[in-house]
Each structure stands twice: as C-alpha cells, then as structure tokens.
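Structural description and commentary
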Amino acid sequence: MEAAQALADLTEISSQIEAAVLADTDGAVVASTFAGDEKGAAFAATAAELVRAAEDSGELSSKELVQVLAASPQGCVFVVRDERHLVAAVTGAQPTVGLVFYDLKTCLRLLEREETEKKPTPVRRKRVKKEADGGS
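Computed from a prediction, not measured in an experiment: that's the story for all the values here.

Moving on, we get to unusual backbone geometry. For Q94, which is not glycine, the phi torsion reads 55 degrees and is therefore positive. Classification of Q94 by relative accessible area gives exposed; the value is 79%.

Written out as structure tokens, the structure is:
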C-alpha cells in the first residue's frame, strides 16, 4: 500500500474526515487528498508546526507528543504522528474524536507495515566448504 492508497482508504472508512494529508514529520507532503498541491502543502506545514508548538510549550519532552486536536465550532483539525510520518485531517464540527484518532493511527500503522515489508532483506550466502585434496 502506498501513501496515496493509505489516505484513500482512510477517507473511505472514516466518513467524518473531509480532507487529509500524509507528510514527513517536518511537514513535507507524501500524499494528500486536498484539491491542489499548494493547499495540501500548506496544511501539512501547519500541522507540523502545530506539533512543534505543542512540544515547545515546555510541558512535554521531545518526541513524546503523538496526537493533537484543535477544535472550533466549524470543525476540527487532528494530527497524529509516529517516528517518521504525520497524518493530519480536517473534520466537520463535533466528530467522534476517539474514532477519528483511531482511524488516523491505523493509517500510519498500515503505512509503516507496508514500508517494513518492502525493505529488502539481506541475502545470505551459503558457506561453501572447501574440500581438502585427497592427494590422488
């Protein structure tokens, strides 16, 4: 499953998610459901900054923060991250918070699993025993 497919699956199973972006933890877009690259890139950069700002508040140690929710009467922004990626989504007002977080975390787990399975495994070479000359 590639990143774009992971997001497509996410938006298919989670009817509350209106748009989502998958990015590196620095905010570089990997895949997006936003109409237009600029909108997805801006949202990913904002999501990464939101995580950094929450970490910089001094209440959390670095890399401790794994999810953020920002809510307004019009809708919500969710951000979930792991060691390599973040996924951020926009929902309407009053979403089922636990379910949206679960769906975002599942998206990251599926992507991680796929990337792990794609990594080439080292080829082991068989040891060949040298036969001693029997001295004809």
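Here we come to the pairing of strand β2 (residues 29-32). Pairing of strand β1 (residues 17-24) with β2, which is carried by three bridges, proceeds in the antiparallel orientation. Of the residues in β2, the one forming a bridge with A23 is V29. Counted along the chain from β1 to the antiparallel partner β2, the turn is four residues long, and its residue G27 has a positive phi close to 100 degrees.

Here we take up the pairing of β1. Here β1 lies mainly inside the structure; six of its eight residues are buried. Where β1 meets strand β5 (residues 85-92), seven bridges bridge the pair, whose relative direction is antiparallel. Paired with V21 across the strands is A88, a residue of β5.

Taken residue by residue, helix α1 (residues 3-13) has A3, A6, L7 and L10 as its buried positions. Along α1, the residues classed as buried sweep out an arc of 95 degrees about the axis, all on the same side. Against the buried residues of α1 lie β1, β2, β5 and α3 (97-118).

What counts as what
- Residues numbered from 1 in each chain as written.
- Predicted model: local features only at pLDDT ≥ 70, side-chain atom pairs only at ≥ 80, totals over all residues.
- Heavy atoms only, no water.
- Buried < 20%, exposed > 50% of the residue type's maximum accessible area, 1.4 Å probe, protein only.
- Pairing = 2+ DSSP bridges.
- Helix = DSSP H or I, 4+ residues; strand = E, 2+ residues; numbered from the N terminus.
- Arc of directions from axis to C-beta.
- Contact = heavy atoms within 4.5 Å.

From the geometry alone we can't say anything about function, so treat these as descriptive.
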